[in-house]
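# Fold and geometry: a report
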Amino acid sequence: MSDRVFMKGCEAIAEAATRAGCRFFAGYPITPQNEIPEYFARRMPEVGGTFVQGESEVASVNMLYGAASTGIRAMSSSSSTGISLYSEGVSYSASARLPIVYVNVVRGGPGIGAIQPAQQDYFQATKASGNGGFEMIVLAPDSVQECVDMVYEAFDLAERDENPVLVLTDGVVGTMMEPVVLPPMKTDEELAEHRAKFAHRAIVGHPLGQQAYCRPGSVGTGQEAVNIEAAKLYKTWDKDVRVEEFMTDDAEIIVASYGISARISRVVVRELRKEGYKIGMIRPITVHPFPYSTFENLDFNRVKGILDVEMSIPAQMKFDVEHAVHGRAPIKECLRSGGQLLTNDQVMAAARELIKEVL
């Protein structure tokens, strides 16, 4: 492992991907993720990789599809409206079971919205990243260090499952600077091993007369067989659920939050604990698969209320929380959207109001 270095979130994402062995990046500029392609444009030539600025998001995601089809570690990134344009290519990648990695640095919306941070793409990320009902592991970091760690691991997860993986972050984490410990650079030998595992289905040059690989049943009447195979994969993801439980052992009030909103909420939990209130926080780290059991297994004889904190209006993660809680405790909201940031004071006020209502 390297020494700690001070890096911006987007640049740390790109460096982590490079160290994980990413050797192809295609993307198109959009705020607030522009530093990712900018960094890759400098970094890829240094490691023998390829950087392409696509003429659009649609072009970029299809270049990503093509690169991943050869077995190379490939990645792309965008923000919100750009990610919407990725949906067809991501769906194609899921059908073809290609191990693509992509990052969404979320901005305000709907529509062109605002260039400031938001968490309004939760439904898109976890429920409908494209047509056909496919699923992906979706990782949600709350720090620059987690961005580094999750992007580095995302390539392994994608290759393990032969399936897309999404890292869902936001414009705060993407643009802030923090000290991080960078992971080791994958060696050429390690990358060769990764690529060799994909060789049986890589779309590369073949001798005349040798048929290229085509995934059985990926079109026409065989599509259902592919979907059945994928559904079996999704059921194995229980082992991949990740969640932080912060001061929940005796909590009477639970804050549910993820990403940058969880960092804000953690401060509020600490302050209210100093005042003697029994409050804790549950932070989904994988927002898909969602840690339903963590909420389902709460002691609702003790837990009197839940505060959903997210930068989305209307609330989105709240639906998953409600599904797990089954009406056993009231769920209140503390929300911002459209690029408006949550503050400690807003979360504190919402928590105090819930405490007054239920305790």
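Residues numbered from 1 in each chain as written. Predicted model: local features only at pLDDT ≥ 70, side-chain atom pairs only at ≥ 80, totals over all residues. Heavy atoms only, no water.

### Here's the deal with the packing of aromatic side chains
Our working definition: Paired rings are identified among Phe, Tyr and Trp, the last through its six-membered ring, by centres lying within 6.5 Å, and are further divided according to the angle between planes into stacked (under 30 degrees), edge-to-face (over 60) and tilted (the rest). Runs of H or I in DSSP of at least four residues are treated as helices and runs of E of at least two as strands, each being numbered from the N terminus. For every residue, the accessible area (1.4 Å probe, protein chains only) is compared with the maximum for its type, and the residue is labelled buried under 20%, exposed over 50%, or partly exposed between those bounds. Here, a charge over a ring is recorded when the distance from Lys NZ or Arg CZ to the ring centre is within 6 Å and its angle to the ring normal is within 35 degrees.
Inspection of every chain in the model, using the stated rule, returns nine aromatic pairs. Arranged with centres 4.4 Å apart and planes meeting at 15°, the rings of F25 and F40 form a pair that is stacked. Note that F25 is positioned in strand β2 (residues 24-27) and F40 in helix α2 (residues 35-46), a separation of 15 residues in sequence. With a centroid separation of 6.0 Å and 5° between ring planes, the pair formed by F25 and F51 is classed as stacked. Separated by 26 residues along the polypeptide, F25 in strand β2 and F51 in strand β3 (residues 50-53) bring together distant segments of the chain. Judged by relative accessible area, F25 falls into the buried class, the value being 0%. An aromatic cluster is present here, built from Y122, F123, Y258 and F319 joined pairwise through their rings. Sitting over the face of the ring of F246, R266 holds its NZ or CZ atom 5.9 Å from the ring centroid.

### A word on the nonpolar core
Note the threshold: Among the buried residues, those of types Ala, Val, Leu, Ile, Met, Phe, Trp, Tyr and Cys that are joined through side-chain atoms within 4.5 Å form a nonpolar core. These domain boundaries are the output of an automatic or database domain assignment. We call two residues in contact when some of their heavy atoms are within 4.5 Å.
Judged by nonpolar contacts, the single largest core of 109 residues is most densely connected at I36, F40, M75, V151, F295, I306 and V321. It is helix α6 (residues 144-161) that provides the largest number of residues to this core, a total of ten residues. Each of domain 1 (4-239) and domain 2 (244-358) accounts for three or more of the residues forming this core. Each residue touching F295, except ones within four places of it in the same chain, is listed here: A256, I282, F290, F300, V321, A324, V325 and R328.

### Observations concerning the environment of S69
This is how it is decided: Nitrogen and oxygen atoms within 3.5 Å of one another constitute a polar contact, given that in protein one can donate a hydrogen and the other can accept it, and given that sequence-neighbouring residues count only through two side-chain atoms.
Tracing the backbone shows S69 in helix α3 (residues 57-69). Accessibility expressed as a relative area gives 11% for S69, which makes it buried. S69 sits 172 residues away from V241 along the chain, and the two C-alpha atoms are 28 Å apart. Not counting residues up to four positions away in its chain, the partners in contact with S69 are L98, F198, R201, A202 and I203. A polar contact of 2.8 Å, which involves the side chain of S69, links it to the backbone oxygen of Y65.

### Topic: the sheet that holds strand β11 (residues 253-256)
The test is simple: Two strands form a pair only when DSSP identifies at least two bridges running between them. Angles shown run from 0 to 180 degrees and are taken between the N-to-C directions of axes, each axis being a line fitted to C-alpha atoms and, for helices, limited to the stretch in contact.
The five strands are arranged β10-β12-β11-β14-β15 in an open sheet whose pairing can be described as mixed. Because the sheet does not close on itself, it has two edges, and the strands there are β10 (243-246) and β15 (331-335). This sheet shows a mean twist of 20° between the axes of neighbouring strands, independent of strand direction. Two elements, strand β14 (residues 305-310) and β15, share five bridges in a ladder whose sense is parallel. Within the sheet, the bridge partner assigned to E310 lies in β15 and is L335. Together, β10, β11, β12 (279-284) and β14 form the strand contacts of helix α10 (residues 259-274), whose direction differs from that of β12 by roughly 165°. The strands touched by helix α12 (residues 317-325) are β11, β12, β14 and β15; relative to β14, the strand with the most contacts, the crossing angle is about 160°.

### Section: the domain arrangement of the protein
Just so we agree on the cut-off: In this description, buried area is defined as the sum, over both parts, of the accessible area (probe of 1.4 Å) that is lost when the two are combined.
Each assigned domain of the protein is listed with its residue range as follows: domain 1 (4-239) and domain 2 (244-358). The distance between the C-alpha centroids of domain 1 and domain 2 comes to 29 Å. With 31 residues of domain 1 in contact, the opposing surface of domain 2 contributes 28 residues. Where domain 1 abuts domain 2, roughly 2,300 Å² becomes buried across the two surfaces, and 53% of that area is made up of carbon and sulfur atoms.

### A few points about the pairing of strand β8 (residues 165-170)
Cut-off, in case you're wondering: For the handedness criterion, the strands are oriented away from the viewer, and a crossover whose path from the first strand over the helix to the second runs clockwise is classed as right-handed.
Burial runs high along β8: six of the six residues are buried. Alternating residues of β8 divide into V165, V167 and T169 and L166, L168 and D170, and every residue in both groups is buried. Here six bridges tie strand β5 (residues 101-108) to β8, and the two strands are oriented parallel to one another. The residue of β8 that forms the bridge with V105 is T169. Pairing between strand β7 (residues 137-139) and β8: three bridges, direction parallel. From the neighbouring strand, L139 faces β8, where its bridge partner is V167. Between β7 and its parallel partner β8, the chain crosses via α6, and the hand of that crossover is right-handed.

### Quick notes on helix α13 (residues 344-358)
Convention followed: Helix span is expected to be 1.5 Å times the residue number reduced by one. Each direction from the helix axis to a C-beta atom contributes to the arc, which is the arc of those directions.
Its 15 residues give α13 an end-to-end C-alpha distance of 21 Å, which sits within 8% of 21 Å, the value for a rise of 1.5 Å per residue. Buried within α13 are the following residues: V347, M348, A350, A351, L354 and I355. For α13, the angular spread of buried residues about the axis comes to 165°, placing them on one side. Opposite the buried face of α13, at more than 90 degrees from it, the exposed residues are D345 and K356. Tucked inside the fold, the buried residues of α13 contact β11, α10, β12, β14 and β15.

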